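Examination of the molecular architecture
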Amino acid sequence: MSILDAVMWSVHVGFAVLWTGSVLFVALAVVPPATRGDVGSDALTAVVGRLRWISRIAALAFLGSGGHMAGTLYTVESLTGTGRGHLVLTMLALWFVITGLVEVASGKLLDGLETGKLREPARDAKPFFYGAAGLSVGLILTAGLLASPSVL
């Protein structure tokens, strides 16, 4: 493994941990109190805005690091014809869907907060955040399978 490969793996895993952890934190620790009105709108705006930026910056990091790893470790045939390749493609699909859910949820929440509401936009965004959190767990499990040398 070259130094570049090690850097790419580190960037990829580092951003994956930051991103999935942020999604899970917002969905499980921030949204429930927001639906009860227990979180101030300024704090909620800051947290959700930060999640949105983490998601967008992570997307760039994933494109660069994941693109490098896919280009050096896989061919089209190995991505589409092996179990490990299927796991990589599953992770890619999960990443796209989670990113979309985070964007929709944060957009709904921030748009509602701009109108001076709190509970209603939090309730409207909740299923999207929960979906993103559930799929994030699936992404973590898929990454664990991919990292395991004895699987596939």
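Provided above is the structure to which this section pertains.
Every chain is numbered on its own, with residues counted from 1 as its sequence reads. For this predicted model, a pLDDT threshold of at least 70 governs which residues receive local features, and a threshold of 80 or more governs which side-chain atom pairs are given and counted, while totals over whole chains, interfaces and linings are taken from all residues. Heavy atoms throughout the structure, all of them, feed into the side-chain values; hydrogens and water do not.

Here we take up the environment of alanine 143. Note that alanine 143 resides in helix H5 (residues 119–147). With 56 residues separating them in the primary sequence, alanine 143 and leucine 87 have C-alpha atoms 7.8 Å apart. For the purposes of this entry, the term helix denotes a DSSP run of H or I that reaches at least four residues, the term strand denotes a run of E that reaches at least two, and both are numbered from the N terminus.

So, on to the packing of aromatic side chains. Each Phe, Tyr or Trp ring (for Trp, its six-membered ring) is paired with any other whose centre lies within 6.5 Å, and the angle between the two planes then decides the class: stacked below 30 degrees, edge-to-face above 60, tilted in between. Evaluated as defined, the whole model comprises three aromatic pairs. Taking 5.9 Å as the distance between ring centres and 90° as the angle between the ring planes, the aromatic pair formed by phenylalanine 62 and tryptophan 95 counts as edge-to-face. Here tryptophan 95 lies in helix H4 (residues 83–114) and phenylalanine 62 lies in helix H2 (residues 41–73), a separation of 33 residues in the sequence. Any Lys NZ or Arg CZ that is within 6 Å of a ring centre and within 35 degrees of that ring's normal is treated as a charge sitting over the ring. Cation over ring: arginine 56 sits above tryptophan 53, and NZ or CZ is 5.7 Å from the ring centre.

Here an angle of 0 to 180 degrees is reported between the N-to-C directions of two axes, which are lines fitted to C-alpha atoms, with helices fitted over the stretch in contact. Where H4 meets H5, the axes come as close as 8 Å, and the angle between the chain directions of the two elements is 160°. Taken together, the axes of H4 and H5 are roughly antiparallel relative to one another. Of the two possible hands of crossing, H4 and H5 adopt the one that is left-handed. In the contact of H4 with H5, the residues fall into 23 nonpolar, seven polar and three charged. Here is the rule for angles: anything less than 35 degrees is roughly parallel, anything more than 145 is roughly antiparallel, 65 through 115 is roughly perpendicular, and the remaining ranges are oblique. Should the near helix be turned counterclockwise from the far one by less than a right angle, the crossing is left-handed, whereas a clockwise turn marks it as right-handed. Note on residue categories: nonpolar means Ala, Val, Leu, Ile, Met, Phe, Trp, Tyr, Cys or Pro, charged means Asp, Glu, Lys or Arg, and polar means any other residue, Gly included.

Here we take up the environment of threonine 80. Mapped onto the fold, threonine 80 is located in helix H3 (residues 76–81). Each C-alpha atom of the pair threonine 80 and leucine 92 lies 13 Å from the other, and the pair is twelve residues apart in sequence. Here threonine 80 is in contact with His86 and Leu89, once residues within four sequence places are set aside. Distance and chemistry together define a polar contact, namely a pair of N or O atoms within 3.5 Å, with one atom able to donate a hydrogen and the other to accept it when in protein, and with adjacent residues in sequence counting only for side-chain atoms on both sides. Engagement of the side chain of threonine 80 in a polar contact is seen with the backbone oxygen of valine 76, the distance being 2.8 Å. We call two residues in contact when some of their heavy atoms are within 4.5 Å.

Let's shift gears to H5. Between its terminal C-alpha atoms H5 stretches 40 Å, which fits the 42 Å expected from 29 residues at 1.5 Å a residue. Fitting axes to the seven residues that end at a residue and to the seven that start at it, the angle between those axes gives the bend at that residue. The largest bend along H5 reaches roughly 40° and is located at lysine 126, with the proline proline 127 sitting one to four residues downstream. Only protein chains enter the calculation, and the probe is 1.4 Å; a residue is then buried if its accessible area is under 20% of its type maximum, exposed if over 50%, and partly exposed in between. Considered for burial, the residues of H5 that qualify are Pro121, Ala122, Ala125, Phe129, Ala132, Ala133, Ser136, Leu139, Thr142 and Leu146. Packing partners of the buried residues in H5 comprise helix H1 (3–36), H2 and H4. Expected span of a helix, by definition, is 1.5 Å for each gap between consecutive residues, and there is one gap fewer than residues.

Turning next to the packing of H2 against H4. One way to put it is that H2 packs onto H4 with a least axis distance of 10 Å and a crossing angle of 155°. Relative to H4, H2 is oriented roughly antiparallel. Viewed along their axes, H2 and H4 form a crossing whose handedness is left-handed. Taking contact as the criterion, the partners of Ser41, Leu44, Thr45, Val48, Leu51, Arg52, Ser55, Arg56, Ala59, Phe62 and Leu63 in H2 are, on H4, Trp95, Thr99, Val102, Glu103, Ser106, Gly107, Leu109, Leu110 and Leu113. For the contact of H2 with H4, the per-class residue count stands at eleven nonpolar, six polar and three charged.

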